[in-house]
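Commentary on secondary and tertiary structure
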Amino acid sequence: MSDFGLVLGGGGARGLAHIGVWRVLEEEGLRPRVLAGTSIGGLVAAFIAAGFSAEDLTRVSGAVSWRRLLDWRLGRGLLNAVAFEAWLGANLPPTFEELRTPLAVTATDVLTGRQVYLSSGRLFPALRATTAYPGAIDPVPQGDMLLADGGVLNQVPVDAALFLGVHRVVAVDVTASGPLELPARRRLWRREAEAHLGPVQALRRAADIMQAQLTDARLSLYRPDVLLRPAVVGVDLQSFHRGTQAIQAGEEAARAELPRLRALAS
C-alpha cells in the first residue's frame, strides 16, 4: 500500500472512468492508503475500499440496472432506497469501519448549505446521501441534517483525503467542462442548439458549467499531486450504457500519467 490518497470525483455515468483508472493503478501495484469521493466517485471509492478489483467493478457496473437504482429525471425522486441499500448490502459491509481502506465521502446539507464529510458509522445511508443528485433523488435525513449530493459544493474532494492523514493525492475529475459540439454553419446553429438544449438539458449544462468552475477553484486551493481528467466526451450524466467508453477513457488518462503515478511509490 502506497502513502497516497485516491480521490474520485462526481459526474454520473462519466464516473465509470474511475474503474479504468483503478485498473491501471492495480497493474502498477499502487494501492492508496485512503480513499475519498463524491457522488458516483464516492460509490466507486467504497467498492475499492471494500477490496473490489477493477475486474470486479467492471462486472458489477455491467450487471446492475443503473436506470432502476439512479433515476436522473428531474423532479421524480425515484431512487428506490430499499432496492439501493439491498444492492449495496449484497456487495459492501454495512459500516465504514469494516472497509479494508479508510474512506470519506462528501455530502451537502441542504438546510444549512454546508459541506459534510462522512467517514464513520453506517455506510449505506452515506452512499445514498453522496449520490442524491438534486431534483432527481430525494435528500437523506441524518440527525438534524438533510443531505444531498456532495458535488453541489465539492466535486473532487481532495481536502477529504488530506483530512484522513495523507500528504499526497491522486485525483480524478470527470466534470464535463468542454464546449458543446454544434455545427459550424451558422444557419443551422439555432436549430441544432435548440435540439441539444431543451429545458432539462439546459439546466444540466448550466450545472456542469457551475461545477467545472467551482471544481477549478477548489483544486487551486487543494492541489493534488496528480490530476487525471479522462476524456469522457459524449458520456452524459445518465449514459450508463456507455460504461465501456468511460472505463477506457479512465484507463487512457491514467496510462498517460504513468511516470508521475509511479513516482508516488518512490
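Residues numbered from 1 in each chain as written. Predicted model: local features only at pLDDT ≥ 70, side-chain atom pairs only at ≥ 80, totals over all residues. Heavy atoms only, no water.

The name that an unreviewed UniProt entry assigns to the protein is PNPLA domain-containing protein, with the source organism given as Deinococcus aetherius.

What follows covers the overall build of the protein. Per the secondary structure count, the protein includes 11 helices and eight strands. Expressed as a percentage of the 266 residues in the protein, the buried residues total 52%. Here the contacts in the protein between residues at least 6 apart in sequence split such that 77% fall between residues at least 24 apart. (Helix = DSSP H or I, 4+ residues; strand = E, 2+ residues; numbered from the N terminus. Buried < 20%, exposed > 50% of the residue type's maximum accessible area, 1.4 Å probe, protein only. Contact = heavy atoms within 4.5 Å.)

Attention now moves to the packing of helix H5 (residues 81–89) against helix H6 (residues 123–130). In the contact formed by H5 and H6, the axes pass within 10 Å of each other and the chain directions differ by 125°. With respect to their mutual orientation, H5 and H6 come out oblique. Crossing handedness for the pair H5 and H6: right-handed. The residues of H6 that touch H5, namely those facing Ala81, Phe84, Glu85, Leu88 and Gly89, are Phe124, Pro125, Leu127 and Arg128. Broken down by class, the residue content of the contact of H5 with H6 amounts to six nonpolar, one polar and two charged. (Axes fitted to C-alpha atoms, helices over the stretch in contact; angles between N-to-C directions. Parallel < 35°, antiparallel > 145°, perpendicular 65-115°, else oblique. Left-handed = near helix turned anticlockwise from the far one by under 90°. Nonpolar A, V, L, I, M, F, W, Y, C, P; charged D, E, K, R; others polar.)

So, on to the nonpolar core. Leu6, Leu92 and Leu103 are the most contacted members of the largest nonpolar core, which totals 60 residues. With eight residues, the top contributor of residues to this core is helix H2 (residues 40–49). In contact with leucine 6, not counting residues within four places along its chain, are Trp22, Leu25, Pro32, Val34, Leu35, Ala36, Ile48, Val170 and Val172. In this structure, Val158, Ala161, Val166 and Ala171 belong to the second largest nonpolar core, which totals 12 residues. (Core = buried A, V, L, I, M, F, W, Y, C linked by side-chain atoms within 4.5 Å.)

Another point: the environment of asparagine 154. Secondary-structure assignment places asparagine 154 in the loop between strand S6 (145–149) and helix H7 (158–163). Along the backbone, asparagine 154 and valine 116 are 38 residues apart, and their C-alpha atoms lie at a distance of 9.8 Å. For asparagine 154, the contacting residues outside a window of four places in its chain are Thr38, Thr106, Gln115, Tyr117, Asp159 and Arg218. There is a polar contact of 2.6 Å between the side chain of asparagine 154 and the side chain of glutamine 115. (Polar contact = N/O pair within 3.5 Å; in protein donor to acceptor, adjacent residues only side chain to side chain.)

The next point concerns helix H10 (residues 243–256). Compared with the 20 Å implied by 1.5 Å per residue over 14 residues, the 20 Å span of H10 between its first and last C-alpha is a close match. Against the buried residues of H10 lie helix H1 (17–27), helix H3 (54–63), strand S8 (226–228) and helix H11 (258–263). (Expected span 1.5 Å × (residues − 1).)

Our focus in this paragraph is H2. Most of H2 sits out of view: 10 of its 10 residues are buried. Looking one or two residues past H2, glycine 51 carries a phi angle of roughly 105°, positive in sign.

Moving on, we get to the UniProt feature "short sequence motif: GXGXXG" (unreviewed entry) in the protein. Within this numbering scheme, the UniProt entry marks residues 10–15 as carrying the feature "short sequence motif: GXGXXG" (unreviewed entry). Helix makes up 0% of residues 10–15 and strand makes up 0%, while its end C-alpha atoms are separated by 6 Å. (UniProt positions renumbered as here; feature names shortened; annotations may be inferred.)

Another point: the packing of aromatic side chains. Two aromatic rings are characterised by how far apart their centres lie and by the angle between their planes. Evaluation of the coordinates by the stated rule reveals four aromatic pairs. Ring plane angle 75° and centroid distance 5.3 Å describe the contact between tyrosine 117 and phenylalanine 163, whose orientation is recorded as edge-to-face. Within this pair, whereas tyrosine 117 is found in strand S4 (residues 114–118), its partner phenylalanine 163 is found in helix H7, the two being separated by 46 residues in sequence. Judged by relative accessible area, which is 32%, tyrosine 117 ranks as partly exposed. Through successive ring pairs, a cluster of aromatic residues spans Phe47, Phe52, Phe84 and Trp87. (Phe/Tyr/Trp six-rings, centres within 6.5 Å; stacked < 30°, edge-to-face > 60°.)

Neither face of strand S7 (residues 169–172) is open: one carries Val169 and Ala171, the other Val170 and Val172, and all of them are buried. Pairing analysis gives three bridges linking S7 to S8, with the strands arranged parallel. Of the residues in S8, the one forming a bridge with valine 170 is valine 226. (Pairing = 2+ DSSP bridges.)

Time to look at the side chain of threonine 108. Structurally, the position occupied by threonine 108 is in strand S3 (residues 103–109). Its relative accessible area of 4% is what places threonine 108 among the buried residues. Within the local environment of threonine 108, its side chain forms a polar contact with the backbone oxygen of aspartate 149, the two atoms lying 3.0 Å apart. When residues no more than four places from it in sequence are discounted, the contact partners of threonine 108 are Arg114, Leu146, Leu147, Ala148, Asp149, Gly150, Val152 and Leu153.

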